[in-house]
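In case you want the letters, here they are:
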Amino acid sequence: MRGLLILGIPFGLIFLKHQPEQRMGIDRRAFLKQAAATGAGVSVLGLGRAFGSPGSRLITAVMGVNSRGHVLAQSFAKADNCEVVYVCDVDARAIARTIEGVKEVAPEASPKGEVDVRRVLEDNDVDLLVIAAPDHWHAPATIMAAQAGKHVYVEKPCSYNAGEGEMLVAAQQRYNRVIQMGNQQRSSVESAQIVQAIHEGIIGRAYYARAWYANTRGSIGRGSPVPVPEWLNYDLWQGPAPRIPFKDNYIHYNWHWFLHWGTGEICNNGAHEIDIARWALGVDFPTRVVSAGGRFHFDDDWEFFDTQVATFNFEGGKAITWDGKSCNGRPSEGRGRGTSVHGEYGTVIIDRDGYVVYDRDNKEIWKRSRASGQEATLDIRGGGGLTDRHIANFLAVIRDDAEQASPIDEGHKSTLLCHLGNIAQLTGRSLQCDPANGHIMGDEEAMAYWNRTYEPGWELEV
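Chemist: So what exactly am I meant to see when it comes to the overall build of the protein chain here?
Modeler: Within the protein chain, the secondary structure is distributed over 13 helices and 17 strands. Counting all 462 residues of the protein chain, 59% fall into the buried class. For the protein chain, restricting intrachain contacts to residue pairs at least 6 apart in sequence, the fraction spanning at least 24 positions comes to 71%. Accessible surface, the protein chain as shown: approximately 18300 Å² in total, 48% of it carbon and sulfur.

Chemist: Sorry if this is basic, but what is going on with the packing of aromatic side chains here?
Modeler: The geometry of an aromatic ring pair is captured by the separation of the ring centres together with the interplanar angle, meaning the angle of the planes. Counting across every chain of the model gives 14 aromatic pairs. Aromatic pair Tyr250 and Trp261: ring centres 4.7 Å apart, planes at 70°, arrangement edge-to-face. One end of the pair, Tyr250, is in the loop between helix H8 (234-238) and helix H9 (264-268); the other, Trp261, is in the loop between H8 and H9, with eleven residues separating them in the sequence. Trp261 shares its class with Tyr250; the two are buried. Measuring from centroid to centroid gives 6.1 Å for Tyr253 and Trp257, while their planes differ by 65°, and the two rings are edge-to-face. The exposure class of Trp257 is buried, given its relative accessible area of 1%. Of note, Arg93 hangs over the ring of Trp231, and the distance from its end group to the ring centre comes to 3.5 Å.

Chemist: Explanation requested: the confidence of the model for the protein chain in the structure shown.
Modeler: Caution applies to low-pLDDT regions: their predicted coordinates should not be interpreted in detail. Within the protein chain, residue pLDDT values average 89, and 85% of them lie at 70 or more. Counted against residues more than four places away or in other chains, residues 1-48, with its pLDDT under 50, gives 96 contacts. Per-residue pLDDT stays below 50 along residues 373-383; that stretch engages in 28 contacts with residues further than four places along the chain or on separate chains.

Chemist: Quick question: what am I supposed to make of the pattern of salt bridges here?
Modeler: Any two side chains of opposite charge can pair, given that their charged atoms come close. Inspection of every chain in the model, using the stated rule, returns 25 salt bridges. Between Glu410 and Arg186 there is a salt bridge whose closest N-O contact spans 3.9 Å. One end of the pair, Glu410, is in helix H12 (residues 408-427); the other, Arg186, is in the loop between strand S8 (179-181) and helix H7 (189-199), with 224 residues separating them in the sequence. Assessed through its relative accessible area of 2%, Arg186 is described here as buried. Put simply, Glu410 and Arg278 hold a salt bridge, and the shortest N to O gap is 2.9 Å. Placement of the pair is Glu410 in helix H12 and Arg278 in helix H10 (residues 270-281), with a sequence separation of 132 residues. What makes Glu410 buried here is its relative accessible area of 16%. Through salt bridges with shared partners, a single ionic network connects Arg186, Asp275, Arg278, Asp284, Glu410 and Lys413.

Chemist: Can you walk me through the packing of H10 against H12 in this structure?
Modeler: Relative placement of two packed helices is described by the angle separating their axes and the distance separating the axes. Where H10 contacts H12, the axes come no closer than 9 Å and their chain directions differ by 115°. Considering the angle they form, H10 stands roughly perpendicular to H12. Here H10 runs over H12; the crossing is right-handed. Counting all contacts with H10, which are made through Gly270, Ala271, Ile274, Asp275 and Arg278, the residues of H12 involved are Glu410, Lys413, Ser414, Leu417 and Cys418. Residue composition of the contact of H10 with H12, by class: four nonpolar, two polar and four charged.

Chemist: I would appreciate a short explanation of the sheet that holds strand S4 (residues 82-88) in the present structure.
Modeler: Through backbone hydrogen bonds, the strands of a sheet pair up, either in parallel or in antiparallel fashion. The strand order across the open sheet built from six strands is S5-S4-S3-S6-S7-S8, with neighbouring strands paired in parallel fashion. The two strands at the open ends of the sheet, each matched to only one other strand, are strand S5 (112-114) and S8. This sheet shows a mean twist of 20° between the axes of neighbouring strands, independent of strand direction. Inspection of the sheet shows strand S3 (residues 58-63) paired to strand S6 (residues 128-131) by four bridges, in the parallel sense. Across the sheet, residue Thr60 finds its bridge partner in S6, namely Leu128. Taken strand by strand, helix H2 (residues 68-78) contacts S3, S4, S6 and strand S7 (151-154), and its axis lies near 155° from that of S4. Sheet strands touched by helix H11 (residues 385-400): S3, S4, S6, S7 and S8. Its angle to S7, the strand with the most contacts, is close to 165°.

Chemist: What exactly am I supposed to notice about the sheet that holds strand S12 (residues 318-325) here?
Modeler: If you trace the nine strands from one edge of the open sheet to the other, you get S16-S15-S14-S13-S9-S12-S11-S10-S17, paired in mixed fashion. For this open sheet the edge positions go to strand S16 (364-369) and strand S17 (431-432), each flanked by a neighbour on one side alone. Note that strand S10 (residues 288-294) and strand S11 (residues 307-314) share seven bridges and pair antiparallel. From the neighbouring strand, Val289 faces S11, where its bridge partner is Phe312.

Chemist: Teacher, can you tell me more about the side chain of Arg352 here?
Modeler: Assignment of secondary structure puts Arg352 in the loop between strand S14 (346-351) and strand S15 (354-359). The side chain of Arg352 sits in the buried core without any salt bridge; Glu273 is the nearest counter-charge, 4.6 Å away. A distance of 3.4 Å separates the side chain of Arg352 from the side chain of His272, its partner in a polar contact.

Chemist: Explain helix H6 (residues 162-175) here, please?
Modeler: At 3.6 residues per turn, the α-helix brings residues three or four places apart onto the same side. With 14 residues, H6 extends 20 Å from end C-alpha to end C-alpha; this agrees with the ideal 20 Å at 1.5 Å per step. Among the residues making up H6, those that are buried are Ala162, Gly163, Glu164, Gly165, Met167, Leu168, Val169, Ala171 and Gln172. On the buried face of H6, the contacting elements are helix H5 (135-147), S8 and H12. Measuring from the backbone nitrogen of Gly163 back to the side-chain oxygen at the start of H6 gives 3.3 Å, which picks out Asn161 as the cap. Of the residues flanking the end of H6, it is Asn176, one or two places downstream, whose phi is positive at about 55°.

Chemist: Just checking my understanding: could you explain H11 for this structure?
Modeler: Taking 1.5 Å as the rise per residue, H11 with 16 residues should run 22 Å; its terminal C-alpha atoms sit 22 Å apart, in good agreement. Every buried residue of H11 is accounted for by Gly385, Leu386, Thr387, His390, Ile391, Asn393, Phe394, Leu395, Val397, Ile398 and Arg399. Two residues or fewer after H11 comes Asp401, characterised by a positive phi angle close to 55°.

Thresholds applied
- Residues numbered from 1 in each chain as written.
- Predicted model: local features only at pLDDT ≥ 70, side-chain atom pairs only at ≥ 80, totals over all residues.
- Heavy atoms only, no water.
- Helix = DSSP H or I, 4+ residues; strand = E, 2+ residues; numbered from the N terminus.
- Buried < 20%, exposed > 50% of the residue type's maximum accessible area, 1.4 Å probe, protein only.
- Contact = heavy atoms within 4.5 Å.
- Areas by Shrake-Rupley, 256 points an atom, 1.4 Å probe, with all protein chains shown as cover.
- Phe/Tyr/Trp six-rings, centres within 6.5 Å; stacked < 30°, edge-to-face > 60°.
- Lys NZ or Arg CZ within 6 Å of the ring centre and 35° of its normal.
- pLDDT = per-residue confidence, 0-100.
- Salt bridge = Lys/Arg side-chain N within 4 Å of Asp/Glu carboxyl O.
- Axes fitted to C-alpha atoms, helices over the stretch in contact; angles between N-to-C directions.
- Parallel < 35°, antiparallel > 145°, perpendicular 65-115°, else oblique.
- Left-handed = near helix turned anticlockwise from the far one by under 90°.
- Nonpolar A, V, L, I, M, F, W, Y, C, P; charged D, E, K, R; others polar.
- Pairing = 2+ DSSP bridges.
- Lys, Arg positive; Asp, Glu negative; His and termini not counted.
- Polar contact = N/O pair within 3.5 Å; in protein donor to acceptor, adjacent residues only side chain to side chain.
- Expected span 1.5 Å × (residues − 1).

This is the structure we're talking about:
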């Protein structure tokens, strides 16, 4: 029986379905030697040309710098031939802190502070916009930037709703800009290696993946109407969203759990793990989506779900399950977050630190950790590691037309699964979906969640 070809190396089949006594050994050294030389990108944007030269300086603006954006501003400032010239935020304190943070890593830099991203986009010298503002801003800011001729690095989820994701794909195609979502595990060498091996049959036919995340978040309490703080431009913070009065438990982080601006844990963290599951199984849009869960742990203003199990079925006999626990941090597989991929002859566990391969008898066949060859960075709020690799890939696509780790059409497909999981949970119904585009069929109430109403004057057009 012929062996598998894994990353260019011929191996004997690891798991033989009909002749288990003939299972052959695995040349781990050869696999890892070849794997170490393999790049992380596996999908190509296909723009057909570079937008600059390898040594060209890219003028960068960063929007939303209170937390994740502060780290991204420093990471872009450290990148080769990349200069952060604008720090944009509706919080004056965050602007000041991040300007100093940029100067710490790039002493020659002198970024300007700006409250309104629209003023930043008017500057023709700006090449790219980095977006780490709240979720309801992700797609509108991306589309405005593409229309202004800027490339965009946008944090996950790339959209507040499914319709916005489709608009992002249309904007990339119309304006021919590089748009990359911040699902940085797509730039993991180890993840790319094992996903390729899965595609080449390392566990036979892979048919099921489970994505999970567990945390121990506290209550957000009951908010009270209070005056808007003097350091906050609340009108611009709301931006495209219809206006509602300010309360003291919205900003800066708790907006994640309000339907008006946030997208829940499945989009907040599931966007990472579900993306790996979809990548590993090689699936796009689902045929059926169901969800169970609720807000169980606390009685407070949290409007999404602290416990959710959503299942996505695909053509070809494949499925993905999302298991999200926001308020009970007990890990699965010894990990607080990760993805397991199950096939005919074994299982693969993947997380940001590497992977482990098991046979059907639960025997560990091999594993690899980023700590063995690279700096391990498991906290997505921190820089370095995967964040820097993902940024380097984004910049290489702009300059060199390199293979793109996370083109926006792929980011949209993974984010769409998260939105569909929320819609199934909110409606309490099984969703039947068109496998060509993920649209919900025969359910007008569910499809009403596909888009949103915008504040007058902020409507989106591509």
